[in-house]
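So the chains spell out like this:
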Amino acid sequence: MPLLQRYALARPNARSSHKIPTPQGAGIAVITATLVIVVVFAAATGTEVSTYALAATLFIAVIGAVDDIRSLPVLTRLLAQAIAVGAILSAWPGDLRIFPLGPLWVEQGVLLLAGIWFVNLVNFMDGLDWMTVAEAVPVAGGIVALGYLGHVPPAIAIVAGALGGALLGFAPFNRPIAKVFLGDVGSLPVGLLLGWCLLELAYRGQFTAALLLPLYYLSDATITMLRRLLTGEKVWAAHRSHFYQRATDNGFSVLNVVGIVFALNLALVALAIASTLAISPAAKIIALLAGAALVGLALFRFARTRPTR
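Cut-off values and rules
- Residues numbered from 1 in each chain as written.
- Predicted model: local features only at pLDDT ≥ 70, side-chain atom pairs only at ≥ 80, totals over all residues.
- Heavy atoms only, no water.
- Helix = DSSP H or I, 4+ residues; strand = E, 2+ residues; numbered from the N terminus.
- Contact = heavy atoms within 4.5 Å.
- Phe/Tyr/Trp six-rings, centres within 6.5 Å; stacked < 30°, edge-to-face > 60°.
- Lys NZ or Arg CZ within 6 Å of the ring centre and 35° of its normal.
- Core = buried A, V, L, I, M, F, W, Y, C linked by side-chain atoms within 4.5 Å.
- Buried < 20%, exposed > 50% of the residue type's maximum accessible area, 1.4 Å probe, protein only.
- Expected span 1.5 Å × (residues − 1).
- Patch = residues over 30% accessible without salt bridge, like charges linked within 9 Å, V, L, I, M, F, W, Y side chains within 5 Å.
- Areas by Shrake-Rupley, 256 points an atom, 1.4 Å probe, with all protein chains shown as cover.
- Salt bridge = Lys/Arg side-chain N within 4 Å of Asp/Glu carboxyl O.

A.B. asks: Explanation requested: the side chain of T208 in the structure shown.
C.D. replies: Tracing the backbone shows T208 in helix α9 (residues 207-212). Every residue in contact with T208, bar those within four places of it in the chain, is listed here: S275, K284 and L288.

A.B. asks: Explain unusual backbone geometry to me, please; I cannot follow it from the model alone.
C.D. replies: Negative phi characterises most residues that are not glycine, and trans characterises most peptide bonds. The linkage connecting P176 with the following residue, I177, adopts the cis geometry, with an omega of 0°. Position of I177 relative to the elements: it lies in the loop between α7 (154-174) and α8 (184-203).

A.B. asks: How do you make sense of the packing of aromatic side chains when you look at a structure like this?
C.D. replies: Geometry of an aromatic ring pair is reported as the spacing of the ring centres plus the angle between the planes. Counted by the stated rule, this structure contains 5 aromatic pairs. Taking 5.8 Å as the distance between ring centres and 85° as the angle between the ring planes, the aromatic pair formed by F252 and F302 counts as edge-to-face. With F252 in the loop between α11 (243-249) and α12 (254-277) and F302 in helix α13 (residues 281-303), this pair connects stretches of sequence that are 50 residues apart. Through a chain of ring-to-ring contacts, the aromatic side chains of Y216, Y217, F252 and F302 assemble into a single cluster. A cation over a ring is seen here: R227 above F243, with NZ or CZ 5.3 Å from the ring centre. The ring of F243 carries the charged tip of R246 above its face, separated from the ring centre by 4.8 Å.

A.B. asks: Sorry if this is basic, but what is going on with the nonpolar core here?
C.D. replies: Side chains of nonpolar character tend, in soluble globular proteins, to be buried together. Residues I143, W196, L213, Y216 and V257 are the most contacted members of the largest nonpolar core, which totals 95 residues. The dominant element in this core, judged by the number of residues it contributes, is α8, at 12 residues.

A.B. asks: Just to check I follow, could you spell out helix α6 (residues 131-148) for this structure?
C.D. replies: Count 3.6 residues to each turn of an α-helix, and residues three or four apart come out pointing the same way. Along its 18 residues, α6 runs 26 Å from first to last C-alpha, staying within 8% of the 26 Å computed at 1.5 Å per residue. The buried fraction of α6 is high, at 14 of 18 residues. Of the residues one or two after α6, G150 is the one with positive phi, at around 90°.

A.B. asks: What's the story with a nonpolar patch on the surface in this structure? I'm lost.
C.D. replies: There is a patch of nonpolar side chains on the surface, built from V36, I37, V40 and F41 and spanning about 360 Å² of accessible area. Assessed through its relative accessible area of 44%, F41 is described here as partly exposed.

Interpretation note: all reported values are geometric properties and have no functional meaning in isolation.
Here it is in structure tokens:
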């Protein structure tokens, strides 16, 4: 903490949600704990975990740490993210096909772009105390549950469990008003690890569940980016136009927002698990539509001024 206070202090500005200078970089502890536990547990149980994925996580965490201390150019960050996502895709055993409708290289390119976007959207959405905890802990827990049901391999369940546990350890320090932020050193590798777990879920035929689990983050970040593109804004520039940010401007407290997001994610986890138990495609579509409706309702509430009594 003293080192973060000295070298990685996040000072508030017009786009910040915090009011006082706060150290960032707690992701150092979160990602270190995650990787150490994954390696130790995998070794103890004889579970094989992709060394490429773990190395990519460490690499992107280092890039994030540098960015927390000294802001890196956009292209440098994107190149580093592409390398990390590409390492996971290139090390995949066999052909990685989710929708085998076209050439393999086209699908690989789409997956690379999707992976980069997922890494960034977690970073974009990490702008409020407890926000990433409220999102990533339920998602990680859902992946562990799906691992228990046999829909992801043990290695993925170990990764998700370790990440969720590390974020629970971080939660008391990030409780509003936060003593420390996750920082890019945390949000970037969290996005990479969750993206890897969700890709494994989709690869094993559970695309609906892989879409439902992160649906709130996907919706808020993607809709916001498209809206900013349409208005001619620079999408890589800092802003306060995400739905969760607008909610705090519209009268919702931080605890109101993260409480809604946490409850929403629990519902999405339940729908994701239900979709894996459903046999008919119609039931999976209904689960996806129900999740989309819940997310849409939350976004609608965030975008409107909260009534006062």
